[in-house]
Amino acid sequence: MPLTALRNGDLIDASRPDLGQPQLPLSWADVYRRRPRADLRCRDCGTPMCAKVSSLKLRFFAHLRRPATCVYNGETVAHHQLKTLIAEVARSAGWDVEVEAVGPDWRADVLTVSPEGDEKIAWEVQRSPIAAGIAEERMLRHDKAGVTTIWIARRNWPWSRPVRTLVVAGSSEPWVVSGRLADWQPILHPDGRKVQWNSSSAELRSVVRQILLGDLTCHKWKPPDATWRIPFELGWVPLQAADTWCNAEPQLPERLMARLELKWTTCYRCDQLTAAVVGLIPIDPSTGREYEAISTQHEKILDRVWSDMRGVINRSEQLPIGVIKRRSSKQMGVDYVSNGCYSCDTILGNQYLYGAAPWPWENKHRIEPEVPDAVRDQALLIGPLDIGVLRKMLRQASSVRTIPWLPH
Ligand SMILES: [Zn+2]
Ligand SMILES: [Zn+2]
């Protein structure tokens, strides 16, 4: 369903009231339901066309007879609606718009040019799966012409992950960006102020507008629901707001306390309730403010936590934290500093404690045991810890690759 056609050899655009020919001048009535029929032809295959209005009142052109080969064959109603939406939003944001733009060796569903003329974006609506190679070639051609490509994709296809993409899964109005979009949450980090990106969704109309106005930008990020196979993808984030927060002067005390994060479980060998140390949350004792958690998967961190815990935290049947020491894991075939069962000392392996489980290590494969609130809420504070020590722990923690979950 193309939006453009040739009329007596002149290019006309159904998405504009004057059909993109202000000097003629023209209106929709000059091409729609005219007798004799207006001379309209397809820009690609050259066969005759007629002007039409869809049931949703959208204007478009259609081949009189379906041609054997034409780039506009197979364009759906959704494709047409999305092109129209982008063109409308871009015009209202003050950008120059050309629908179904054609360059020397490239084309774009919608080409938008910034008011200053220095930024060109090709918006490509992709509703059906496409070979990665074809997508790459299209982007390469845009790239050579100084044009940035943004895909409006129906799915988060693997080829689209490292490139600018908005995932719009629905098939009709209202169009909503349901993937690759993030809002942010400020977090305090012993290294300063940082942000955490959270998956979000928003109306396509406002997302396109924010991209054109520069309020949203592309950022390499790891979505919270990503598995270890997806190292990163490009997501759309409100970077300016986040930058402002990050660059505000951080007030970091020299020393912080740290609260232990425990994972409660029923031992797979003896069936007793036991707790494992899985993380550390730095806390400023004077303000009660919490900082980003540090995973204790790295054995040097776990070892350090264990030595700081002794004498401060009294392990007991009410607080059944097993001994932290070097144990051998048959499954992993290695020895490492590990948590163990309080009752029978069997290893509580990292693969179980950290494997494929999202923060805070909730594991779908096991049922969480009932832990009395009084026990769960015990404040397990160690420290004070030097800020330099916490920073070192953070570096160590980030050097550990998340272990994929392998069922037994
Ligand atoms: Zn055609
Ligand atoms: Zn046990």
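Residues numbered from 1 in each chain as written. Chains lettered and ligands numbered in written order. Predicted model: local features only at pLDDT ≥ 70, side-chain atom pairs only at ≥ 80, totals over all residues.

### Quick word on the domain arrangement of the chain
Formally: Domains are outlined according to an automatic or database domain assignment.
Here the domain parsing of the chain yields domain 1 (1–75), domain 2 (76–250) and domain 3 (255–398). The gap between the C-alpha centroids of domain 1 and domain 3 is 67 Å.

### Let's talk about the sheet that holds strand β23 (residues 347–348)
Heads up, the condition is: Whether two strands pair comes down to DSSP finding at least two bridges between them. Put simply, DSSP marks the helices as runs of H or I at least four residues long and the strands as runs of E at least two long, and each gets a number from the N terminus on.
With antiparallel pairing, the three strands of this open sheet are ordered in space as β21-β22-β23. Of all the strands in the sheet, just β21 (325–329) and β23 have a single pairing partner and so form its edges. Bridging between β21 and strand β22 (residues 334–340) involves five bridges; their strand directions are antiparallel. Along β22, the bridge assignment pairs Ser 328 with Asp 335.

### Quick word on unusual backbone geometry
Our working rule: With C-beta atoms placed from the backbone, a residue counts as buried when 20 or more other C-beta atoms lie within 10 Å of its own, as exposed when 12 or fewer do, and as partly exposed for counts between those limits.
The peptide bond linking Arg 35 to Pro 36 adopts the cis configuration, its omega dihedral lying at -5°. A cis amide bond links Gly 383 to the next residue, Pro 384, at an omega of 5°. For Pro 384, the location among the structural elements is in strand β24 (residues 381–386). The phi dihedral of Asn 8 is positive, around 50°, even though this residue is not glycine. Inspection of the secondary structure puts Asn 8 in the loop between β1 (4–7) and β2 (10–13). Phi is positive for Asp 271, close to 70°, though the residue is something other than glycine. By C-beta crowding, Asp 271 is classed as exposed, having 12 other C-beta atoms within 10 Å.

### Remarks on the sheet that holds strand β4 (residues 48–53)
Strand order in this open sheet of five strands is β2-β1-β3-β4-β5, and the pairing throughout is antiparallel. Two strands close off the open sheet at either side, each with one partner strand: β2 and β5 (59–63).

### Observations regarding the nonpolar core
As a reminder, the rule being used: Linking buried Ala, Val, Leu, Ile, Met, Phe, Trp, Tyr and Cys residues through C-beta atoms within 7 Å yields a set, and such a set is a nonpolar core. Residues are treated as contacting if the C-beta atoms built from their backbones sit within 7 Å of each other.
Counting 52 residues, the largest nonpolar core has Ile 86, Val 110, Trp 123, Ile 152, Leu 204 and Val 207 as the members making the most contacts within it. A domain split of this core shows at least three residues from each of domain 1 (1–75) and domain 2 (76–250). Residues within four places of Val 207 in sequence aside, it is in contact with Leu 166, Val 177, Leu 181, Ala 202, Leu 216 and Trp 236.

### Digging into the packing of helix α1 (residues 77–92) against helix α3 (residues 204–212)
What counts, and what does not: Every angle, taken between N-to-C directions, lies between 0 and 180 degrees, and every axis is a line fitted to C-alpha atoms, over only the stretch in contact when it is a helix. For this classification, under 35 degrees means roughly parallel, over 145 means roughly antiparallel, 65 to 115 means roughly perpendicular, and everything else is oblique. Handedness of each helix crossing follows the sense of rotation of the near helix against the far helix: counterclockwise by less than a right angle gives left-handed, clockwise gives right-handed. Lys, Arg, Asp and Glu make up the charged group, whereas Ala, Val, Leu, Ile, Met, Phe, Trp, Tyr, Cys and Pro make up the nonpolar group; the residues left over, Gly among them, are polar.
Where α1 meets α3, the axes come as close as 9 Å, and the angle between the chain directions of the two elements is 45°. The angle between α1 and α3 falls in the class oblique. With respect to the hand of their crossing, α1 and α3 are arranged in right-handed fashion. From α1, Leu 85, Ile 86, Val 89 and Ala 90 reach across to α3, where they touch Leu 204, Arg 205, Val 208, Arg 209 and Leu 212. Its residues assigned to classes, the contact of α1 with α3 shows seven nonpolar, no polar and two charged.

### Regarding helix α2 (residues 132–144)
Stated precisely, the cut-off is as follows: In this analysis, the expected span of each helix is defined as 1.5 Å times one less than the number of residues it contains. What the arc measures is the spread of directions leading from the helix axis to the C-beta atoms.
In this model α2 runs 18 Å from its N-terminal to its C-terminal C-alpha over 13 residues, within 8% of the 18 Å that 1.5 Å per residue would give. Every buried residue belonging to α2 is among Ala 135, Met 139 and His 142, and all of these are buried. Within α2, the buried residues cover an arc of 55° as seen down the axis, which keeps them to one side. In α2, the exposed residues that point more than 90 degrees away from the buried face are Gly 133, Ile 134, Glu 136, Glu 137, Leu 140 and Lys 144.

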